[in-house]
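# Coordinates in review
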Amino acid sequence: MSLYARITGTGSHLPDKRLTNHDMVALLAARGLETSDDWIVERTGIRARHFAAEGEMASDLALQASLKALSAAGRQLHELDVIVVATSTPDMVFPSTATILQRKLHEAAQAAGGQGPIGAAAFDVQAVCTGFIYALTVADALIRTGGARRALVVGAEVFSRILDFDDRTTCVLFGDGAGAVVLEAIEHDGEGPGVLATDIHADGRHAGILCVPGTVAGGQVLGEPLLRMEGQAVFKLAVGVLEETARTVLGKAGMTEADIDWLIPHQANIRIMQSTARKLKLPMERVAVTVDQHGNTSAASIPLALDHAVRTGQVRPGQLLLLEGVGGGFTWGSALVRY
Ligand code: UT7
C-alpha cells in the first residue's frame with residue numbers, strides 16, 4: 001500500500017466581462033490596429049475571453065474557484081494543510097497570492113460561522129503556463145511523503161493586466177480566470193485514483209521568447225512591464241516538448257497512449273492541441289477544449305478545462321487523464337491522473 005494524492009473536488013471561475021473576437025476587433029481598431037475574427041479563429045481557435053474588472057485580482061478569481069472546489073470535495077476550509085497558487089500575475093510583488101487567498105478564505109469561512117485555513121502552509125509557484133502542473137507536482141510530492149493530507153492547488157491569472165493592446169500579435173490571445181483542485185491523501189496498491197506520475201522540465205536558454213522583461217527597483221519599474229512573445233518560436237518548441245513529456249509520464253506509470261481517456265492540455269492554441277492529439281493518436285473527442293471560450297489563461301487554463309470537463313460530465317471517476325502544459329521559462333510538464 002502506498003500514499004497517493006487524489007483529486008476530490010474541482011472548481012473554476014471566470015470574471016464577468018466577456019469579450020468576443022468582434023469586441024477585440026473594435027478595441028484594436030480604436031488604436032489604429034487591424035485584426036479579424038477569421039484570423040484569430042483560424043490561427044488559434046479562440047472566439048472569446050474574459051477580462052477581470054478594475055480592482056479584481058488573481059486572489060479574487062482564485063477565491064471563487066477554491067470555494068467551488070472545496071464544496072465539490074465536501075471539505076471545510078480549516079481542513080486544508082497547504083495552499084499552492086500557480087500565477088504569473090500575483091496581486092503583489094510579495095507576499096504570495098496564496099497567503100492573500102488564505103486570508104480571503106478565512107474571511108469567507110468566518111462570514112459563514114466557520115474557521116478558515118489559518119496556519120496551513122501557503123506559497124506561490126511561478127512557471128507561467130506550466131504553473132499548474134508544477135504546483136500539482138509539488139503538492140503531490142508533499143502528500144505522498146506525508147507532509148500534508150489535504151492541499152488546495154490553484155491556477156489564477158489576470159493576464160489582461162500585462163497585455164500590450166498596441167501589439168496585436170499577443171493581446172488577442174490571452175484571458176483571465178482561475179481553476180482549483182482539492183488534493184487528498186489516499187492509500188492503495190496503485191490500482192485506485194490519484195496522481196500516478198508527474199514530469200516537469202525547464203530550459204532557461206529560451207527565457208526571452210515569452211516574457212515580461214520588467215522588474216521593480218528603487219521604486220521604479222525597470223524594463224518593460226508588458227508581455228512579449230515570439231509566437232512561432234514558442235509554437236515550434238511547444239509541439240516537440242508536449243509529445244516528449246506525454247510519453248515520459250506515461251512511461252513512468254507503465255502505461256501507453258492507448259490508456260488515456262482524456263487529454264486536458266494547456267489551452268494556448270487549438271493547433272497545438274490538435275498536433276499533440278495526432279501524435280498520441282487521440283481523437284479530438286477525447287481532448288478537453290475550452291480555448292475557444294477562455295483564450296489562453298496561462299496557469300489557470302488546465303484547471304479551468306478540467307473543471308469544465310468534470311462539471312459537463314465528460315470526465316468520469318476511474319478515467320485516466322493526461323494533463324500537460326508548456327510556457328514561459330521555457331517550462332513544460334505533465335501529470336497522469338486516475339480521476
Ligand atoms: O501559453 C504559452 C504558450 N504559448 C503558445 O503556445 C503560443 C504559441 N504560438 C502561437 O500560438 C502562434 O504562433 C500565434 C497564434 C501566436 C501566431 O500564429 P502564427 O500562425 O504563428 O502567425 P504568425 O506569427 O506567423 O503571423 C502570421 C501573420 C503575420 O503577417 P505577415 O507577416 O504574414 O504579413 C502577422 O503580422 O499574421 C499577422 N498577425 C495578425 N493578423 C491579424 C499577427 N497577429 C495578428 C492579428 N490579427 N491579431
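Attention now moves to the site of the ligand. Around the ligand sit 24 residues in total, of which T35, Q232, H266, N269 and N296 are the nearest. At 2.9 Å, a backbone N or O of R168 approaches a nitrogen atom of the ligand. Here an oxygen atom of the ligand sits 2.6 Å away from a polar atom, N or O, in the side chain of N296. Those elements that place two or more of their residues in the shell around the ligand are α2 (37–44), α6 (168–171), α7 (231–252), α8 (270–279) and β14 (320–327). With four residues, α7 is the largest single contributor of residues to the shell around the ligand. Residues that form the shell around the ligand fall into these classes: 11 nonpolar, nine polar and four charged. The residue makeup of the shell around the ligand includes at least three contributed by each of domain 1 (2–188) and domain 2 (194–338).

Take the packing of helix α3 (residues 58–73) against helix α4 (residues 97–111) next. In contact at an axis separation of 9 Å, α3 and α4 are set at 55 degrees when each is read in the N-to-C sense. In terms of orientation, α3 lies oblique with respect to α4. The handedness of the crossing between α3 and α4 is right-handed. Of the residues in α4, those in contact with A58, S59, D60, A62, L63, S66, L67 and L70 of α3 are T97, I100, L101, K104, L105 and A108. Here the contact of α3 with α4 is built from residues that sort into nine nonpolar, three polar and two charged.

Here the focus is the packing of aromatic side chains. If you walk through the whole model with that rule in mind, you get three aromatic pairs. A centroid spacing of 6.0 Å and a plane angle of 70 degrees characterise the contact between F51 and F165, whose relative ring orientation is edge-to-face. With F51 in strand β3 (residues 48–51) and F165 in the loop between β6 (150–158) and α6, this pair connects stretches of sequence that are 114 residues apart. Comparing F51 with F165, the two get one shared label, buried.

With that settled, the discussion passes to the domain arrangement of the protein chain. Along its sequence, the protein chain is carved into domain 1 (2–188) and domain 2 (194–338). Placing a centre on the C-alpha atoms of domain 1 and another on those of domain 2 gives a separation of 15 Å. Opposite the 56 residues of domain 1 that make contact, domain 2 presents 50 residues. Contact between domain 1 and domain 2 buries roughly 3900 Å² in total, counting both sides, with carbon and sulfur atoms accounting for 63%. Among the residues of domain 1 in contact with domain 2, C129, I133 and Y134 are the three that bury the most area, contributing 15% of the side total. Linking domain 1 with domain 2 are one salt bridge, by the criterion used here. Going through the elements one at a time, β1 (2–13), α2, β3, α3, α5 (131–144), β6 and β7 (176–188) are the ones with two or more residues in the side of domain 1 that touches domain 2. Among the residues making up the side of domain 1 that touches domain 2, the classes are represented as 26 nonpolar, 16 polar and 14 charged.

As for its position among the elements, S88 is in the loop between β4 (82–86) and α4. Among all residues touching S88, those that are not within four sequence positions of it are Q126, V128, E157 and F159.

Together, V93, F94, V216 and V221 make up an exposed nonpolar region whose accessible area comes to about 470 Å². With respect to the helices, strands and loops of the structure, V216 is situated in strand β10 (residues 214–217). By relative accessible area, which is 55% here, V216 ends up exposed.

Our next topic: the nonpolar core. With 36 residues, the main nonpolar core has V153, V181, L183, I264, V315, L321 and L323 as its most contacted residues. The dominant element in this core, judged by the number of residues it contributes, is α5, at seven residues. Residue contributions to this core reach at least three from each of two domains, namely domain 1 (2–188) and domain 2 (194–338). Beyond its immediate stretch of four places on either side in the chain, L321 contacts W262, I264, L306, V315, A335, L336, V337 and Y339. Counting 31 residues, the second-largest nonpolar core is a separate cluster that includes F51, L173, L227 and M273.

Cut-offs and rules
Residues numbered from 1 in each chain as written. Predicted model: local features only at pLDDT ≥ 70, side-chain atom pairs only at ≥ 80, totals over all residues. Heavy atoms only, no water. Near = heavy atom within 4 Å. Polar contact = N/O pair within 3.5 Å; in protein donor to acceptor, adjacent residues only side chain to side chain. Helix = DSSP H or I, 4+ residues; strand = E, 2+ residues; numbered from the N terminus. Nonpolar A, V, L, I, M, F, W, Y, C, P; charged D, E, K, R; others polar. Domains from an automatic or database assignment. Axes fitted to C-alpha atoms, helices over the stretch in contact; angles between N-to-C directions. Parallel < 35°, antiparallel > 145°, perpendicular 65-115°, else oblique. Left-handed = near helix turned anticlockwise from the far one by under 90°. Contact = heavy atoms within 4.5 Å. Phe/Tyr/Trp six-rings, centres within 6.5 Å; stacked < 30°, edge-to-face > 60°. Buried < 20%, exposed > 50% of the residue type's maximum accessible area, 1.4 Å probe, protein only. Buried area = accessible area lost by both parts, 1.4 Å probe. Salt bridge = Lys/Arg side-chain N within 4 Å of Asp/Glu carboxyl O. Patch = residues over 30% accessible without salt bridge, like charges linked within 9 Å, V, L, I, M, F, W, Y side chains within 5 Å. Areas by Shrake-Rupley, 256 points an atom, 1.4 Å probe, with all protein chains shown as cover. Core = buried A, V, L, I, M, F, W, Y, C linked by side-chain atoms within 4.5 Å.

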